[in-house]
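# Structure at a glance
Here is what each chain is made of, one letter per residue.
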Amino acid sequence: MKKCLVSGGNGFLGSHLIEKCLENGLEVTVVDNFSTMKSSNLPETVNIIDKNVEDFYTEGNFDYVVHLAARPSPEDYIAHPVDTLMSNSLGTLSMLEIARKSKGVFMYTSSSETYGNASIIPTPETYWGNVNFTGIRSCYDEGKRYSEALIMAYMRQFGLDTRIQRPFNVYGPGIRPDGQYGRVVPRFILQALKDEDITVHGKGDQTRSFLYVDDWVEATWKFLTKSGLKGEILNIGSNKEITILELAKIIIEVTGSSSKIVHLDSREDDPFRRSADISKARKILDWTPNTELEVGLINTVKWVRDNYL
Ligand SMILES: NC(=O)c1ccc[n+]([C@@H]2O[C@H](COP(=O)([O-])OP(=O)(O)OC[C@H]3O[C@@H](n4cnc5c(N)ncnc54)[C@H](O)[C@@H]3O)[C@@H](O)[C@H]2O)c1
């Protein structure tokens, strides 16, 4: 039986990926400190180790080592900048060492945030980024960028089979709203379901492109298990760009809410546009996102309603 180690496996993306791993007969071990996801819905067959990834070591060997542990929600990482940097520097090192010892495949979820306020839209993997590396978001962006550099160094120096993906705004059932501080899709949904004001930062003309979690899992599974992809870096996202104001209006419509849209101050260093050039992932993985935004939102609304109201 093949073995997979997942850091941050108790979180949103991790729990969906683990479902896929179990369906495919893998034995799964998770290391997670329950910092952003407080409780666990993982199946009992998963071996869960409650520990900071940066302090984690194991004698075990794994065919796949997947490093997801991070604090991806902006207000959360801004409130915990040192922890955020540790999980994506020392934590990346811990997981790389385990993969090296295991001679396994190492996969990392970097982020579209490595591109910062991109000047090329849709953004291809070859874009070097436009990032404020000492700014308020740097604990997240630079942790991801440092991790990518360390991973490529492990690939070049030790021949490790590494794969880096840069997800762009993945959403779906399991993504937590976290009150006022969650990521935009679940936050707007919860506000709409409660008929509270929907809080848009700035004018709402900033854009994002959203990827439904099932499409993310399909791409990630292929990227993890397909042979011959050592050293590859792929955007996993969508190129369908919409403004945050449009997103708020769609969510009001699908929830049938009477919420009003209100505007708050813009967030510091918030990228103005974000859209993924996914031509490389389409070609290499023979993959294309196929969940329409409205369909994905309806599924997410149902999950938020069932779990948070
Ligand atoms: N969801 C997205 O849209 C998105 C976009 C870009 C990148 N990513 C990246 O994908 C990964 C997973 O994101 P997610 O959306 O599932 O987030 P999440 O917050 O739902 O899950 C992260 C998990 O990591 C754990 N964790 C955090 N710090 C840890 C530490 N130091 N040691 C051990 N465990 C720790 C948390 O408890 C949580 O279970 C992250 O690396 C994130 O940066 C996600």
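It should be emphasised that the depicted structure is a prediction, and the values quoted were computed from it without experimental measurement. All residue numbers refer to positions counted from 1 along the written sequence of the respective chain. Local features in this predicted model are restricted to residues whose pLDDT is 70 or higher, and side-chain atom pairs enter the listing and the counts only when it is 80 or higher, whereas totals over whole chains, interfaces and linings include all residues.

### Some points on the overall build of the chain
Worth spelling out the cut-off: Put simply, DSSP H or I for four residues or longer makes a helix, DSSP E for two residues or longer makes a strand, and each gets a number counted from the N terminus. In this setup the radius of gyration rests on C-alpha atoms only. A globule is expected at 2.2 Å times the number of residues raised to 0.38. As a rule, residues whose C-beta atom has 12 or fewer other C-beta atoms within 10 Å are exposed, those with 20 or more are buried, and those in between are partly exposed; C-beta atoms are placed from the backbone.
Scanning the chain from N- to C-terminus turns up 10 helices and 13 strands. Here the C-alpha atoms of the chain give a radius of gyration of 19 Å, agreeing with the 19 Å that 2.2 N^0.38 yields for 309 residues. Dimensions of the chain, computed from the C-alpha atoms along their principal axes, are close to 55 × 40 × 40 Å. For the chain, buried positions account for 45% of its 309 residues.

### Remarks on unusual backbone geometry
Across the chain, the bulk of peptide bonds are trans and the bulk of non-glycine residues have phi less than zero. The amide bond that connects Ile121 to the next residue, Pro122, takes the cis arrangement and shows omega of -10 degrees. Structurally, Pro122 is set in the loop between strand S5 (105-109) and helix H5 (138-158). The phi torsion at Phe34 lies on the positive side, around 55 degrees, for a residue other than glycine. For Asn169, which is not a glycine, the phi torsion comes out positive at approximately 40 degrees. Along the chain, Asn169 turns up in the loop between strand S6 (161-167) and strand S7 (170-171). Overall, the presence of 18 C-beta atoms within 10 Å leaves Asn169 in the partly exposed class.

### Structural notes on the site of the ligand
Spelled out, the test is: Near residues are defined by distance alone, with the backbone-placed C-beta atom required to lie within 6 Å of the molecule or strand. We call Asp, Glu, Lys and Arg charged. Ala, Val, Leu, Ile, Met, Phe, Trp, Tyr, Cys and Pro are nonpolar, and the rest, Gly among them, are polar.
Surveying the vicinity of the ligand reveals 29 residues, the closest of which are Gly8, Gly11, Phe12, Ala70 and Ser87. Listed by contribution, the elements that provide at least two residues to the shell around the ligand are helix H1 (12-23) and strand S2 (27-32). Broken down by class, the residue content of the shell around the ligand amounts to 12 nonpolar, 14 polar and three charged.

### Description of the nonpolar core
Here is the rule we go by: Remark: nonpolar core denotes a set of buried Ala, Val, Leu, Ile, Met, Phe, Trp, Tyr and Cys residues whose joining runs through C-beta atoms within 7 Å. The contact criterion used here is simple: two residues whose C-beta atoms, placed from the backbone, lie within 7 Å are in contact.
By size, the foremost hydrophobic cluster in this structure holds 65 residues, and its most contacted members are Val6, Val65, Val66, Phe106 and Phe188. By residue number, the principal contributor to this core is helix H6 (residues 184-193), which donates six residues. Once you skip the residues sitting within four places of it in the chain, Val65 turns out to touch Leu5, Met95, Ile98, Ala99, Ser102, Gly104 and Phe106.

### Some points on the sheet that holds strand S4 (residues 64-67)
Condition: When DSSP finds at least two bridges between two strands, those strands are taken to pair. To define axes, lines are fitted to C-alpha atoms, for helices over the stretch in contact only, and angles between the resulting N-to-C directions are given on a 0 to 180 degree scale.
Strands sit in the order S3-S2-S1-S4-S5-S6-S11 across an open sheet of seven strands; the sheet is parallel. One side of each edge strand has no neighbouring strand; the edge strands of this open sheet are strand S3 (47-50) and strand S11 (232-236). Recorded for the sheet is a direction-independent mean angle of 15 degrees between the axes of neighbouring strands. In this structure, S2 lies alongside S3, joined through four bridges in parallel fashion. Bridging from a neighbouring strand, Thr29 pairs with Asn47 of S3. Across the face of the sheet, H1 comes into contact with strand S1 (3-7), S2, S4 and S5 while running at roughly 175 degrees to S1. Contacting S4, S5, S6 and S11, helix H7 (residues 213-225) crosses the sheet at an angle of about 165 degrees to S6.

### A few points about the pairing of S6
Our working rule: With strands facing away from the observer, any crossover in which the path from the first strand over the helix to the second runs clockwise is taken as right-handed.
With six of its seven residues buried, S6 lies for the most part within the structure. Pairing of S5 with S6 involves five bridges; the strand directions are parallel. Across the sheet, residue Tyr108 finds its bridge partner in S6, namely Ile164. Handedness of the crossover is the feature at issue here: the chain leaves S5, passes through H5, returns alongside S6, and the resulting connection is right-handed. Of the pairings in the sheet, the one linking S6 to S11 comprises five bridges and is parallel in character. Paired with Pro167 across the two strands is Ile236, which belongs to S11.

### What about the packing of helix H8 (residues 244-255) against helix H10 (residues 293-308)?
Definition in use: Note on angle classes: values under 35 degrees are labelled roughly parallel, values over 145 roughly antiparallel, values of 65 to 115 roughly perpendicular, and the remainder oblique. Handedness of each helix crossing follows the sense of rotation of the near helix against the far helix: counterclockwise by less than a right angle gives left-handed, clockwise gives right-handed.
Two elements in contact, H8 and H10, have axes whose closest approach is 10 Å; the angle formed by their N-to-C orientations is 60 degrees. Considering the angle they form, H8 stands oblique to H10. Along this stretch, H8 crosses H10, giving a crossing that reads as right-handed. Contacts from Ile250, Ile251, Val254 and Thr255 of H8 reach H10 at Leu293, Glu294, Leu297, Ile298 and Val301. Here the contact of H8 with H10 is composed, by residue class, of seven nonpolar, one polar and one charged.

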